[in-house]
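# Descriptive analysis of the structure
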Amino acid sequence: MFEFSFDQAAGLRSAIPVAPARVLPVAATAQPARGYELLCNLASRLTHEDLQVVIVDASAKESELRGGADGRHLGLLQVLRDPSMAGLGRPVDEADWLVLPGARGLQALVNTAAAAGPEVALSRLLVPFAAGTLVLLYGAAASLSALLKGSDAQALVPLLAQPQASIDAYGSVKLLHSAGLRPALVPLADAADGAGADIHRLEETVLDCARRHLGLQLPSWPESTWAHRALEAALMAPQRQVQPYPPHSVDKPSRRVHAHFSWS
């Protein structure tokens, strides 16, 4: 009780559970820079909740050059290949969050999902990141669908205030829904559109198409709800089921062992 840096509440603090690393897929837009704007907006809201956020930008390709051991100048592929890279989350420089390019890494994970299933690929993705980290995985809807097929994961579909944005967003929604994911529309209003008329019209178009052609009641996230909805929707790696040891067999009767003792 009287030891240095120890008090009666130390045991309670050490017993507080820490959430494992989680991932939230975000479909890339036809204009990746605008989609990245949404990522930064969402990351900013999440960091205000004292959450570690990592952006994996699969619209950018990793460099072949190896950087430092703290995750800077690294890409997702290098992180996946190097077992010594662990506990990534909070950047060591002045940046608000860690950003990793990830085009080649996402393709490697897609290959893993095809060979061993989405659960294995998801576990491989989250292993390098520290507990309590939320990974925003920004990539093409086709790649996200292949990576998480059948997982019932929530995936965000940004909607930009651009003429062709409704077509792009609906295409992403259709791909994700067909792969067994749960898409959610995330409208990103243009600052120049003060009344927000354009984005609301595009939003209604996408929601109506999803309802009529896919039979899907597509949720749409208002900007003010992004942070808490993202926390609820993020996906964690599946927990391994531990077999009890020794296994109990109900098919074979137990053998009775007779012990013979020799007394002298």
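What you are looking at is a predicted structure, and each value in this text was computed from that prediction instead of being measured.

This part covers the pattern of salt bridges. Opposite charge on two side chains makes pairing possible when the charged atoms of those side chains draw close. For the structure on display, the rule yields 5 salt bridges. For R201, the salt bridge identified is with D198, shortest N-O distance 2.7 Å. Placement of the pair is R201 and D198 together in helix α8 (residues 197–213), with a separation of 3 residues, close to one helical turn. Classification of R201 as exposed rests on a relative accessible area of 52%. Of the charged contacts, one joins R211 and D208 as a salt bridge, the two residues approaching to 3.3 Å between their closest N and O atoms. Of this pair, R211 and D208 are both found in helix α8, 3 residues apart, which corresponds to roughly one turn of the helix. Where salt bridges share partners, they join D208, R211 and R212 into one cluster.

The next thing to look at is empty space enclosed by the protein. Considering all chains together, one arrives at 1 cavity of 30 Å³ or more under this definition. Each pocket or cavity is described by its volume, and for the largest cavity that value is around 40 Å³. In terms of lining residues, the largest cavity is bounded by T47, L51, Q52, V53, G89, R90, P91, D96 and W97. Here the lining of the largest cavity is composed, by residue class, of 4 nonpolar, 3 polar and 2 charged.

Right, let's talk about the pairing of strand β2 (residues 52–57) for a bit. By the criterion of burial, β2 is predominantly enclosed, with 6 of the 6 residues buried. Burial along β2 is two-sided: the face carrying Q52, V54 and V56 and the face carrying V53, I55 and D57 are both buried. Where β2 and strand β4 (residues 133–139) come together, 6 bridges link them in parallel fashion. Looking across to β4, one finds that Q52 is bridged to T133.

Reading the values: rules and limits
Residues numbered from 1 in each chain as written. Predicted model: local features only at pLDDT ≥ 70, side-chain atom pairs only at ≥ 80, totals over all residues. Heavy atoms only, no water. Salt bridge = Lys/Arg side-chain N within 4 Å of Asp/Glu carboxyl O. Helix = DSSP H or I, 4+ residues; strand = E, 2+ residues; numbered from the N terminus. Buried < 20%, exposed > 50% of the residue type's maximum accessible area, 1.4 Å probe, protein only. 1 Å grid on protein atoms, 1.4 Å probe; cavity = no way out; pocket = protein on both sides within 12 Å on 5 of 7 lines; lining within 4 Å. Points joined across faces, edges and corners; volume = space filled by probe spheres on them. Nonpolar A, V, L, I, M, F, W, Y, C, P; charged D, E, K, R; others polar. Pairing = 2+ DSSP bridges.

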